[in-house]
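# Fold and geometry: a report
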Amino acid sequence: MFKIRDFRASDSSDIIDIDREAFNSLNPSYDLFIYLAYGSDIIVAEKNGRVIGYVVLMDLGECAKIMSIAVKSDYRGKGIGKALLEEAIKRCRKRKKKMITLEVRISNLQAQELYKKYGFEIVGKLEKYYSDGEDAYLMQLKL
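My aim in this report is to walk through the structure given alongside it, one point at a time.

## Looking at helix 4 (residues 109-117)
Those residues of helix 4 that fall on the buried side of the exposure criterion are Ala111, Gln112 and Tyr115. All buried residues of helix 4 fall inside an arc of 100 degrees around its axis, so they share one side. Exposed positions of helix 4 whose direction lies more than 90 degrees from the buried face are Leu109, Gln110 and Lys117.

## Some points on the nonpolar core
Core analysis: the biggest nonpolar cluster contains 23 residues, and Ile66, Leu84, Tyr115 and Phe120 have the highest contact counts within it. Broken down by secondary-structure element, the contributors of at least two residues to this core are strand 2 (41-47), strand 3 (50-60), strand 4 (63-71), helix 3 (80-94), strand 5 (99-105), helix 4 and strand 7 (136-142). Sorting elements by how many residues they give to this core places helix 3 first, with 6 residues. Among residues more than four places away in sequence, those in contact with Ile66 are Val55, Val56, Leu57, Leu85, Ile100, Thr101, Leu102 and Phe120. Core analysis: the next-biggest nonpolar cluster, separate from the first, contains 14 residues, Ile15, Tyr35, Tyr54 and Ala70 among them.

## Quick look at the packing of helix 1 (residues 12-23) against helix 2 (residues 28-38)
In the contact formed by helix 1 and helix 2, the axes pass within 9 Å of each other and the chain directions differ by 115 degrees. Of the two possible hands of crossing, helix 1 and helix 2 adopt the one that is right-handed. Residues Ser12, Ile15, Ile16, Asp19 and Arg20 of helix 1 form the contact with helix 2, whose own contacting residues are Pro28, Ser29, Asp31, Leu32 and Tyr35. Of the residues in the contact of helix 1 with helix 2, the class split is 5 nonpolar, 2 polar and 3 charged.

## Observations concerning the packing of aromatic side chains
Enumeration over the complete set of coordinates arrives at 4 aromatic pairs. In this arrangement the basic side chain of Arg105 is found over the ring face of Tyr130, its NZ or CZ atom lying 4.2 Å from the centre.

## A short note on the pairing of strand 7
Two strands pair when backbone bridges link them, and strand 5 and strand 7 are joined in this way by 7 bridges, in the antiparallel orientation. Its bridge partner lying in strand 7, Arg105 is registered against Ala136. Relative to strand 7, strand 6 (residues 121-126) runs antiparallel, the two being bridged by 5 bridges. Note on strand 7: the bridge partner recorded for Gly124 is Leu138.

## Regarding the state of the cysteines
One pass over the structure, following the stated rule, counts 0 disulfides. Between Cys63, a free cysteine, and Cys92, which holds the nearest cysteine sulfur, the sulfur-to-sulfur gap is 9.5 Å. On the basis of relative accessibility, which here comes to 22%, the residue Cys63 falls in the partly exposed class.

## Re the side chain of Asp11
For Asp11, the position within the fold is in the loop between strand 1 (3-6) and helix 1. Judged by its relative accessible area of 4%, Asp11 falls in the buried class. Those residues within four positions of Asp11 in sequence are excluded, and the remaining contacts are Arg5, Asp6, Val44 and Val51.

Rules behind the numbers
Residues numbered from 1 in each chain as written. Predicted model: local features only at pLDDT ≥ 70, side-chain atom pairs only at ≥ 80, totals over all residues. Heavy atoms only, no water. Buried < 20%, exposed > 50% of the residue type's maximum accessible area, 1.4 Å probe, protein only. Helix = DSSP H or I, 4+ residues; strand = E, 2+ residues; numbered from the N terminus. Arc of directions from axis to C-beta. Core = buried A, V, L, I, M, F, W, Y, C linked by side-chain atoms within 4.5 Å. Contact = heavy atoms within 4.5 Å. Axes fitted to C-alpha atoms, helices over the stretch in contact; angles between N-to-C directions. Left-handed = near helix turned anticlockwise from the far one by under 90°. Nonpolar A, V, L, I, M, F, W, Y, C, P; charged D, E, K, R; others polar. Phe/Tyr/Trp six-rings, centres within 6.5 Å; stacked < 30°, edge-to-face > 60°. Lys NZ or Arg CZ within 6 Å of the ring centre and 35° of its normal. Pairing = 2+ DSSP bridges. Disulfide = S-S within 2.5 Å.

Everything listed here is a matter of geometry and, on its own, says nothing about what the molecule does.
Written as structure tokens, this is what we have:
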């Protein structure tokens, strides 16, 4: 079993490892810096003292943005991403946010399906959004 909790500084190396694995990031330490600088919440899934997934929320006034969500490959398909997304949505509702947005790779059908199950809709396409040139869908959930 895993638990959902807030980020602690000691989680940094686990998040860097997950970020590198999930996104083939060239500089996952910089990614973590961005999450810490601009994120309002970093929520982690922990199992046996190790972080196995995380989600980063950015507060944008009446709205929020999911900056990043990732699960360690060994733990995908076990409800961890779902639990992290549910916690993010719950916190946004509690804070009376009107909308949550996120970007997702056009090729990431599994993530798109998860977001759609929670009511996210595709509202736009961002050309060459990712560093490798892949497009992204802009998705939003009205709360």
